[in-house]
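Listed below, chain by chain, are the residues.
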Amino acid sequence: MSRVLIVGAGIAGSTLAYWLARDGAEVTVVERAGGERSSGSPVDVRGPATAVVERMGLHAQIQQAATRATGLAIVDPSGRRVGRIPIQPGEGVELPRADLARILADAARDVAEFVYGDTVTTLDDGGAGVDVTFEHATPRRFDLVVGADGVHSRVRRLAFGPENAFVRHLGMYVATVALDGPALDERTVLMHNAPGRAIAVHPTTGRELAAFIFRARHTSHADPVTLLDDAYRGMGWRVPELLDRARTADDLWFDTVSRVRLPRWSRGRTVLVGDAASCVSLLGEGSSLAIAGAATLAGALATGPVDTALRTYEHTHRRLTMPKQHGVGPLSHLLVPATEGGIALRNLAVRCWRSAG
Ligand SMILES: Cc1cc2nc3c(=O)[nH]c(=O)nc-3n(C[C@H](O)[C@H](O)[C@H](O)COP(=O)(O)OP(=O)(O)OC[C@H]3O[C@@H](n4cnc5c(N)ncnc54)[C@H](O)[C@@H]3O)c2cc1C
């Protein structure tokens, strides 16, 4: 594999760029955004991802960026706390997604070429290589093209088919936006609910971050701010202030909660990694899987012929992603109860948990 194009400088793309370049490939990463993004909920680095970041020498940087939250407090419309659930850090580290993406991209930047503000427009796999055209850059041929461009992967659409064949909207949306100031209590994530809607403020590190999670059918034509306005209008607590921030933010992240499933992750000399191949969405587990998947793909490519390597990668990594795709449903009922009764029941359970503990 001498020349590799990775589309997407997210969690999977940067991790893969690092490992492939370290193994001697000439790696180009093309990223649609003009630069690094500031939004995104805190995510975990855990399980097999921990060993990968350790081998990259990034463990200390990741620890340094770790959030310090130890609990999730549920608040009523006046801000009064009605219950608190401990957050178990377990063996992993939680850090803002933006910090993780930056740390991984910084590690890869020394060994790979990063092109921001561009994307692919066509892929032509002639067998001996893939001819690629870009929105801005001049066309080039690569030995391998990797789609690390997230849930709505353009590479997947170009090489495998339309999004609706592989992506299932799970009836919820997520939006995140970084706030301006630091949190008063860096140990506590605050969450407020109305039926079908949750809004959380995470203290992160240095700068609070708001996350909106709400239930709605697919309304792909509405813009994010209109959807947020419609969903959250009339709610109490800090919601009016947070909606204002979402309206004016230049880096609001907004997406459906979706599951991605494909019968195969590679076709010819094009392969998918991270959310593009197997998004499990919600609560950040996707980042650990993206890191692990990228390392598995790089490891397979370093040790065998391409066709075998792509099959080995898929066989190995599917065993990790498949079980995770089932956890979203139960979790969503806890975070975003659909009715007043569901909220009352959840709050009661939280209070009982606290008094039992
Ligand atoms: C800014 C941002 C905020 C996020 N916030 C959350 C969150 O709050 N909660 C949550 O559950 N998940 C969130 N995610 C998704 C989460 O990061 C992923 O589920 C997980 O990290 C898997 O990583 P990935 O590398 O596969 O995809 P991602 O981390 O999504 O990275 C994909 C990258 O590809 C880029 N890209 C997309 N399309 C193209 C294109 N056509 N050409 C070139 N580049 C392209 C994107 O800009 C991004 O940098 C967020 C993603 C982004 C980009």
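Residues numbered from 1 in each chain as written. Predicted model: local features only at pLDDT ≥ 70, side-chain atom pairs only at ≥ 80, totals over all residues. Heavy atoms only, no water.

Let's talk about the pattern of salt bridges
Inspection of every chain in the model, using the stated rule, returns 22 salt bridges. Two residues, Arg264 and Glu314, come together in a salt bridge whose shortest N-O distance is 3.7 Å. One end of the pair, Arg264, is in the loop between strand S16 (253–260) and strand S17 (266–267); the other, Glu314, is in helix H10 (residues 306–324), and 50 residues separate them in sequence. When its relative accessible area of 42% is taken as the criterion, Arg264 is described as partly exposed. For Glu314, a relative accessible area of 8% corresponds to the buried category. Residues joined in a network through salt bridges with shared partners are Glu36, Asp106 and Arg109. (Salt bridge = Lys/Arg side-chain N within 4 Å of Asp/Glu carboxyl O. Helix = DSSP H or I, 4+ residues; strand = E, 2+ residues; numbered from the N terminus. Buried < 20%, exposed > 50% of the residue type's maximum accessible area, 1.4 Å probe, protein only.)

A few points about the sheet that holds S17
The strand order S7-S2-S1-S11-S18-S17 describes an open sheet built from six strands, whose pairing is mixed. The open sheet terminates on both sides in strands that have one partner only, identified here as strand S7 (113–116) and S17. Pairing analysis gives five bridges linking strand S1 (residues 3–7) to strand S2 (residues 26–31), with the strands arranged parallel. The partner of Val4 across the bridge, within S2, is Val27. The strands touched by helix H1 (residues 11–22) are S1, S2, S7 and strand S11 (144–147); relative to S1, the strand with the most contacts, the crossing angle is about 170°. (Pairing = 2+ DSSP bridges. Contact = heavy atoms within 4.5 Å. Axes fitted to C-alpha atoms, helices over the stretch in contact; angles between N-to-C directions.)

Structural notes on H10
Taking 1.5 Å per residue as the helical rise, H10 with its 19 residues ought to reach 27 Å, and the 27 Å between its terminal C-alpha atoms agrees with that figure. Considering bend angle alone, the principal kink of H10 is centred on Arg318 and spans about 40°. (Expected span 1.5 Å × (residues − 1). Bend = angle between axes of the 7 residues up to and from the residue.)

What about the site of the ligand?
Surveying the vicinity of the ligand reveals 27 residues, the closest of which are Glu31, Ser41, Arg97, Thr119 and Asp275. Here an oxygen atom of the ligand sits 3.1 Å away from a polar atom, N or O, in the main chain of Ile11. Here the ligand, which alone exposes 900 Å², has 93% of that area covered by the protein. Listed by contribution, the elements that provide at least two residues to the shell around the ligand are H1, S2 and helix H9 (285–303). (Near = heavy atom within 4 Å. Polar contact = N/O pair within 3.5 Å; in protein donor to acceptor, adjacent residues only side chain to side chain. Areas by Shrake-Rupley, 256 points an atom, 1.4 Å probe, with all protein chains shown as cover.)

Description of the environment of Ser41
Of note, Ser41 is situated in the loop between S2 and strand S3 (42–45). Residues Ser41 and Leu209, spaced 168 residues apart in sequence, show a C-alpha to C-alpha distance of 7.3 Å. Discounting residues that sit within four places of it in the chain, Ser41 has contacts with Arg97, Thr176, Leu209 and Ala211.

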